[in-house]
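Notes for the structure review
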Amino acid sequence: DVQLQASGGGLVQAGGSLRLSCAASGFTFGDYVIAWFRQVPGKEREGVSYIDCGDGNIHYPDSVQGRFTISSDNAKNTVFLQIDSLKPEDTAVYYCAAVKAMGRWGLRRILVEADEYPYWGQGTLVTVSS
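First, a word on what this report is: a plain description of the structure on this page. (Residues numbered from 1 in each chain as written. Predicted model: local features only at pLDDT ≥ 70, side-chain atom pairs only at ≥ 80, totals over all residues. Heavy atoms only, no water.)

The biggest cluster of nonpolar side chains holds 29 residues, and the ones touching the most others in it are Leu20, Ile34, Trp36, Phe68, Val79, Leu81 and Tyr94. Elements represented by at least two residues in this core include exactly β1 (3-7), β3 (18-25), β4 (32-39), β5 (46-52), β7 (68-73), β8 (78-83), β9 (92-100) and β11 (124-129). When sequence neighbours within four positions are dropped, the list of residues in contact with Tyr94 reads Ala6, Leu20, Trp36, Phe37, Arg38, Val48, Phe68, Leu81, Ile83, Gly123, Thr124 and Val126. With 11 residues, the next largest nonpolar core counts Tyr50, Ile110, Leu111 and Ala114 among its residues. (Core = buried A, V, L, I, M, F, W, Y, C linked by side-chain atoms within 4.5 Å. Buried < 20%, exposed > 50% of the residue type's maximum accessible area, 1.4 Å probe, protein only. Helix = DSSP H or I, 4+ residues; strand = E, 2+ residues; numbered from the N terminus. Contact = heavy atoms within 4.5 Å.)

Counting buried positions over the nine residues of β9 gives seven, a clear majority of the element. As judged from the eight bridges shared by β4 and β9, these two strands associate in the antiparallel manner. Across the sheet, residue Tyr32 finds its bridge partner in β9, namely Lys100. Both β9 and β11 contribute to a ladder of three bridges, which runs antiparallel. The residue bridging Tyr94 from the neighbouring strand is Thr124, located in β11. Inspection of the sheet shows β9 paired to strand β10 (residues 119-120) by two bridges, in the antiparallel sense. Residue Ala98 lies in a different strand from β10, and its bridge partner there is Tyr119. (Pairing = 2+ DSSP bridges.)

It is worth spelling out the packing of aromatic side chains at this point. The tally for this structure, following the rule as stated, stands at seven aromatic pairs. On the basis of an interplanar angle of 80° and a centroid distance of 6.2 Å, the ring pair of Tyr95 and Trp120 is categorised as edge-to-face. One end of the pair, Tyr95, is in strand β9; the other, Trp120, is in strand β10, and 25 residues separate them in sequence. Above the plane of the ring of Tyr95 lies Arg45, whose end atom (NZ or CZ) is 4.1 Å from the centre. Above the plane of the ring of Trp120 lies Arg45, whose end atom (NZ or CZ) is 4.6 Å from the centre. (Phe/Tyr/Trp six-rings, centres within 6.5 Å; stacked < 30°, edge-to-face > 60°. Lys NZ or Arg CZ within 6 Å of the ring centre and 35° of its normal.)

Shown next, in the form of C-alpha cells:
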C-alpha cells in the first residue's frame with residue numbers, strides 16, 4: 001500500500017532555510033506525482049510544489065516561485081522540498097501527497113487540488129519566527 005512519511009520540519013528564524021523530505025514506499029515511484037501542501041488552522045490546504053516523479057515535470061504556484069524548490073531522488077523514492085528565505089507566513093503543517101500521474105487519455109499531468117490526491121503523509125510542522 002502507498003505510504004508517505006514527511007519529515008524535516010522545525011522552528012527556524014525568518015530568512016532561514018529548511019529542507020523537508022517525503023519518503024515514499026508501496027508503489028512505483030515513477031508512476032506518481034508527489035506534491036507538497038501546507039495548511040494553517042482555519043484555512044484551506046494550499047499546494048506549494050509538485051513534481052512528476054516519472055518525467056521530472058515540476059509545477060509551482062506563483063505564490064512560492066523563487067523560494068521553494070522541489071526535487072526527487074528516485075533511487076531513494078524520496079521527494080524533497082527546499083524552502084529558502086522563510087517568512088513567518090510560511091508557518092504551517094506541510095504535507096506530502098501522491099496521485100497517479102497518468103490521466104485517462106494516456107497523458108501525464110500534474111493535478112493541483114488537494115482533493116485530487118488520495119495518498120497523504122502525516123505532515124511535518126514548520127514554524128518560522130520573526
